[in-house]
Amino acid sequence: MKKVASVIAMLLIILLLPLYFILLLNRPIFAVLYNLLKLGELSNLGITSYLETVNTIVKYFFNFQKYLSLQDLTKIEIYHMFDVKNLFLLGLLVLVVSFVVFLLFRNSLDITTRKKIVFTFFIGISVVSFFGLLNFDLLFTLFHKMLFRNNYWLLDPNTLLIKLFPEQVFMSLGILWIILSLLFSVLLMII
């Protein structure tokens, strides 16, 4: 039982930790994306305003405010961000619990088992990545249909959130998530 709990905890850490790492480093990451993807042209915001807006959204995930208060958001966007916030908080809880379980039971996993977990994770990530490269739109849609129980994620292309975070942003963040996940998996293998 300890071994199964350790394996599950390790996989959850590998999956979730990079997401929170990206959030904590949002300003430098989004500054690069702003320039690389020419997000100023789409959002009509200078880099300082763009980064402040992104930072306001990230802070919302971790504060006690029920709904995101940001100028020009539609009601659908506000409800969608409420759903996203709840998913992030649930993910954070799962991450913390996974860390505790992993630390308690990590000795039940020998290095060979850890290597197998990392290898299996690497294969899984490779398959998902390949599928994403072939058809990112479909992967993005499936992801949203799995995580959200409503259609609030289907936003009009003229809404603020779409202008701030077009699909290319999520594709770029997905690539970063894959790289960080692989790095964290190697790190967990040697801890």
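Residues numbered from 1 in each chain as written. Predicted model: local features only at pLDDT ≥ 70, side-chain atom pairs only at ≥ 80, totals over all residues. Heavy atoms only, no water.

(A) Structural detail: helix 5 (residues 75-105). Counted at 1.5 Å a residue, the expected span for helix 5 with its 31 residues is 45 Å, and the 45 Å between its end C-alpha atoms agrees. Among the residues of helix 5, those classed as buried are Glu77, His80, Met81, Asp83, Val84, Lys85, Gly91, Leu95, Ser98 and Phe102. Buried positions along helix 5 lie against helix 1 (2-24), helix 4 (47-61), helix 8 (160-164) and helix 9 (167-190). (Helix = DSSP H or I, 4+ residues; strand = E, 2+ residues; numbered from the N terminus. Expected span 1.5 Å × (residues − 1). Buried < 20%, exposed > 50% of the residue type's maximum accessible area, 1.4 Å probe, protein only. Contact = heavy atoms within 4.5 Å.)

(B) Highlighting the packing of aromatic side chains. All chains considered together, the criterion is met by 12 aromatic pairs. Arranged with centres 6.1 Å apart and planes meeting at 50°, the rings of Tyr60 and Phe61 form a pair that is tilted. Residue class for Tyr60 comes out buried when judged on its relative accessible area of 0%. On the numbers, 6.1 Å between centres and 70° between planes, the contact of Tyr67 with Tyr79 is edge-to-face. One end of the pair, Tyr67, is in the loop between helix 4 and helix 5; the other, Tyr79, is in helix 5, and 12 residues separate them in sequence. (Phe/Tyr/Trp six-rings, centres within 6.5 Å; stacked < 30°, edge-to-face > 60°.)

(C) Local environment of the packing of helix 1 against helix 5. Their axes nearest at 7 Å, the elements helix 1 and helix 5 cross at an angle of 135°. Classified by the interaxial angle, the pair formed by helix 1 and helix 5 is oblique. Helix 1 and helix 5 meet at a crossing whose hand is left-handed. Where helix 1 abuts helix 5, its residues Lys2, Ala5, Ser6, Ala9, Met10, Leu12, Ile13, Leu16, Leu17, Tyr20 and Leu23 lie against Leu87, Phe88, Leu89, Gly91, Leu92, Val94, Leu95, Ser98, Phe99, Val101, Phe102 and Phe105. (Axes fitted to C-alpha atoms, helices over the stretch in contact; angles between N-to-C directions. Parallel < 35°, antiparallel > 145°, perpendicular 65-115°, else oblique. Left-handed = near helix turned anticlockwise from the far one by under 90°.)

(D) Summary view of the side chain of Glu77. Structurally, the position occupied by Glu77 is in helix 5. Despite being buried, Glu77 has no salt bridge partner; Lys163 is the closest side chain of opposite charge, sitting 9.0 Å away. Within the structure, Glu77 has its side chain in polar contact with the backbone nitrogen of Thr74 (distance 2.7 Å). Apart from residues no more than four positions distant in its own chain, Glu77 is found in contact with Asp72, Leu155, Thr159, Leu160 and Leu161. (Lys, Arg positive; Asp, Glu negative; His and termini not counted. Salt bridge = Lys/Arg side-chain N within 4 Å of Asp/Glu carboxyl O. Polar contact = N/O pair within 3.5 Å; in protein donor to acceptor, adjacent residues only side chain to side chain.)

(E) Structural detail: the environment of Leu92. Along the chain, Leu92 turns up in helix 5. On the basis of relative accessible area, Leu92 is assigned to the partly exposed category, the value being 28%. Discounting residues that sit within four places of it in the chain, Leu92 has contacts with Tyr20 and Phe62.

(F) Molecular detail of unusual backbone geometry. In this structure, Lys38 takes a positive phi of about 55° despite not being glycine. Along the chain, the position of Lys38 falls in the loop between helix 2 (26-36) and helix 3 (39-43).

(G) Focus on the packing of helix 2 against helix 9. Contact pair helix 2 / helix 9: the axes reach a minimum separation of 11 Å and the direction vectors enclose 130°. If you check the angle between helix 2 and helix 9, you find them oblique. In this structure, helix 2 meets helix 9 at a crossing whose hand is right-handed. From helix 2, Ile29, Phe30 and Leu33 reach across to helix 9, where they touch Val169, Ser172, Leu173 and Leu176.

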